[in-house]
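# Fold and geometry: a report
Each chain, written out:
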Amino acid sequence: MRNNSFFNLSLGAYYLFYFALVGVYIIFLPKTLADLHYTKEEIGNIYAAAPFMRFLLPFIFQYFLKLDRKIYHISLVLTVVGSLIFLYTIDSFSLFFVANLLFGASMGISLPYIETIALSKLDKSKYGKIRLWGSIGFIAIALYLGKILTNPYHTLYYLLAMALFTTLFGAIVVKYDDVKHTSATKDTEFSLSKYWAFWVSVFLMQVAFAGFYNFFTIYETSHGISLELTSWMWSFGVICEIVMLYFQGPLLQKNLLNIIKFAILATSLRWLLLYLYPDSVVMTFLSQSLHAVSFALYHTASITYVFSLYTQKRLAQQFFLGIAFGLGGSVGAFIAGRIYGEYIFLIEAIITIGSFIFLHIHQTRKAYI
């Protein structure tokens, strides 16, 4: 019991600092780059780098490397190294782009590895409740930096600090790893093509999300909303996410595909509200309330569904994050950098409907597989 409590505490701390790190990276770093006169296309390209590495990783681990503790420990070190390199490369687009490739690779290994450990040791309800510590970390860093951040370069110091704490608690949690490591090529049942429509749906969902992750802060501040109020908007969305993570346990016992479809439709509505009411604080907060469904419920239901589809569970989780937040995030960031403007969230809403259509195709096909 004592060991279980320490594991839960360490896991919660890992999530807290990992998502605080993510918060600095997606809320404040884009605004920092804009303040340093990066163009919208350059920002889009920078934010395509890290997700692209997350996309490549599953293929590397499927065919060339075994994802084990040694590789995971290397990824922890590289997370800190990548964050440190940011300090010395941010004034050069090319060098900063390369640094983001390194950072994306290390972050892309860390979370799915820990997620698999968590899912193997916790029931669905407990997993969701511990994972909400990540939401708390995201909120805390958003509100704190939104209030005190004035020098764009200071963003990088906070990024490095969060990376250090993430590495510390990640090293503790991995000691509880007792999942058997095997090569993916030994599992002839693992196939992306078998459930191709599901993977297309996952991809499109994150293509649509990329414009929000990378340009929401810039979008809101360009409409006259202060950085502090924008940080409250981010935080409000995550507060709603926390409520969902805490109470979603019973929902995950129901039909997961129907839950995912509902979450996708709610996400499309969310982007539509941002397009229709770009200057409305009230409607923006309303759209942010849908983060409970469009991120929290969607992510937990999807990752649980993927966990049930494949016997190669760690690899399946890696592919989920690689195709969704990797390829989807990379392509989405690249596109968002070129369509950013009045119609960005209308286009995102349309892309999200495409995700719904492909998930419906998957649900229909799966009944006959």
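See the structure printed just above.
Residues numbered from 1 in each chain as written. Predicted model: local features only at pLDDT ≥ 70, side-chain atom pairs only at ≥ 80, totals over all residues. Heavy atoms only, no water.

## Digging into a nonpolar patch on the surface
The test is simple: Nonpolar side chains (Val, Leu, Ile, Met, Phe, Trp, Tyr) are joined into patches within 5 Å and like charges within 9 Å, using only residues with over 30% relative accessible area and no salt bridge. Values of accessible area rely on a 1.4 Å probe in the Shrake-Rupley scheme; residue burial ignores everything except the protein chains shown. Salt bridges are defined by distance alone: a side-chain nitrogen of Lys or Arg within 4 Å of a carboxyl oxygen of Asp or Glu. Each helix is a run of DSSP H or I of at least 4 residues and each strand a run of E of at least 2, with the numbering of both proceeding from the N terminus.
Together, I239, V243, Y246 and F247 line one region of the surface with nonpolar side chains, adding up to about 400 Å² of accessible area. Checked against the element boundaries, V243 lands in helix 8 (residues 227–247).

## Topic: empty space enclosed by the protein
Put simply, the rule is: A 1.4 Å probe that fits but cannot get out identifies a cavity on a 1 Å grid over protein atoms alone, an open set with protein on both sides within 12 Å along at least five of seven lines counts as a pocket, and a residue lines either if it has an atom within 4 Å of a point. Grid points are joined across faces, edges and corners, and a volume is the space filled by probe spheres set on the points.
Tallied over the full model, the rule gives two cavities of 30 Å³ or more. Taken as a whole, the largest cavity spans an internal volume of roughly 640 Å³. Lining the largest cavity we find 36 residues, and of these V22, I26, R54, Y213 and F325 sit closest to its centre. Counting only elements with at least two residues in the lining of the largest cavity, the list comes to helix 1 (2–35), helix 2 (40–63), helix 4 (93–121), helix 5 (124–148), helix 7 (196–222), helix 8, helix 11 (291–309) and helix 12 (313–339). With six residues, helix 1 is the single largest residue contributor to the lining of the largest cavity.

## Notes on helix 7
Each α-helix winds once per 3.6 residues, and so residues spaced three or four apart point in a common direction. Convention followed: In this analysis, the expected span of each helix is defined as 1.5 Å times one less than the number of residues it contains. One fitted axis covers the seven residues ending at a residue, a second covers the seven starting there, and the bend at that residue is the angle between these axes. Only protein chains enter the accessibility calculation, which uses a 1.4 Å probe; a residue is then buried when its area is under 20% of its type maximum, exposed when over 50%, and partly exposed in between.
Between its terminal C-alpha atoms helix 7 stretches 39 Å, which fits the 39 Å expected from 27 residues at 1.5 Å a residue. By the largest-angle criterion, F215 marks the main kink of helix 7, which is about 65°. Where burial is concerned, most of helix 7 is hidden: 23 out of the 27 residues are buried.

## Thoughts on the nonpolar core
What counts is decided by this rule: Each nonpolar core is a collection of buried residues, namely Ala, Val, Leu, Ile, Met, Phe, Trp, Tyr and Cys, held together in the definition by side-chain atoms within 4.5 Å. Here, residues are in contact when the closest pair of their heavy atoms is within 4.5 Å.
Ranked by size, the top nonpolar core spans 120 residues in total, and within it L11, Y15, Y25, L33, W199 and F212 carry the most contacts. Ranked by residues supplied to this core, first place goes to helix 1 with 18 residues. Not counting chain neighbours up to four residues away, the residues in contact with Y25 comprise P30, I46, Y47, A50, F86, N100, F103 and L159.

## With respect to the packing of aromatic side chains
Note the threshold: Only rings of Phe, Tyr and Trp enter the pairing, Trp through its six-membered ring, and a pair is recorded when the two centres are within 6.5 Å. The plane angle decides the type: under 30 degrees is stacked, over 60 is edge-to-face, the rest tilted.
All told, the structure shown has 33 aromatic pairs when counted by the stated rule. Consider the rings of F209 and F212, whose centres lie 6.1 Å apart with planes at 75°: the pair is edge-to-face. Taken together, the residues F209 and F212, both in helix 7 and three residues apart, mark about one turn of the helix. Both residues of the pair, F209 and F212, belong to the buried class.

## A closer look at the packing of helix 3 (residues 69–89) against helix 4
Heads up, the rule is: Axis definition: a line fitted to C-alpha atoms, over the contacting stretch in the case of helices. Angles run 0 to 180 degrees between N-to-C directions. Crossing handedness is defined as follows: a turn of the near helix away from the far one that is anticlockwise and smaller than a right angle gives a left-handed crossing, while the clockwise case is right-handed. Under the convention adopted here, Pro, Cys and the residues Ala, Val, Leu, Ile, Met, Phe, Trp and Tyr are nonpolar, Asp, Glu, Lys and Arg are charged, and Gly plus all remaining residues are polar.
Contact geometry of helix 3 with helix 4 gives a least axis separation of 8 Å together with a crossing angle of 150°. The element helix 3 and its partner helix 4 pack so that their crossing is left-handed. Of the residues assigned to the contact of helix 3 with helix 4, the class counts are 16 nonpolar, eight polar and one charged.

## Looking at the side chain of R270
Test applied: Counting rule for charge: Lys and Arg are taken as positive, Asp and Glu as negative, and neither His nor the chain ends is counted. For this analysis, a polar contact is any N or O atom pair within 3.5 Å, provided that within protein one partner can donate a hydrogen and the other can accept it, and provided that sequence-adjacent residues contribute only side-chain to side-chain pairs.
Here R270 lies in helix 9 (residues 256–276). Although buried, R270 forms no salt bridge, and the nearest oppositely charged side chain, E241, lies 8.1 Å from it. Side-chain polar atoms of R270 contact the side chain of Q288, separated by 2.8 Å. Apart from the residues lying within four places of it in its own chain, the contact partners of R270 are F209, F212, S287, Q288, L290, H291 and S294.

## Examining the pattern of salt bridges
Working definition: two side chains of opposite charge can pair if their charged atoms are close together. Evaluated as defined, the whole model comprises two salt bridges. Put simply, K147 and E228 hold a salt bridge, and the shortest N to O gap is 3.6 Å. Pair noted here: K147 is in helix 5 and E228 is in helix 8, with a separation of 81 residues, a long-range link. According to the relative accessible area criterion, K147 is exposed, its value standing at 59%. Judged by relative accessible area, E228 falls into the partly exposed class, the value being 33%.

## A few points about the side chain of Q288
Tracing the backbone shows Q288 in helix 10 (residues 281–289). In this structure the side chain of Q288 is engaged in a polar contact, spanning 2.9 Å, whose partner is the backbone oxygen of M233. If near-sequence neighbours (up to four positions away) are discounted, Q288 is found in contact with F212, F216, M233, W234, F236, G237 and R270.

## Some words on the environment of L101
The residue L101 is located in helix 4 in this model. Of the residues examined, L101 reaches a relative accessible area of 23% and is grouped as partly exposed. Residues L101 and M53, spaced 48 residues apart in sequence, show a C-alpha to C-alpha distance of 6.1 Å. Apart from residues no more than four positions distant in its own chain, L101 is found in contact with A49 and M53.

Note that every value here comes from positions in space, so none of it alone points to a role or purpose.
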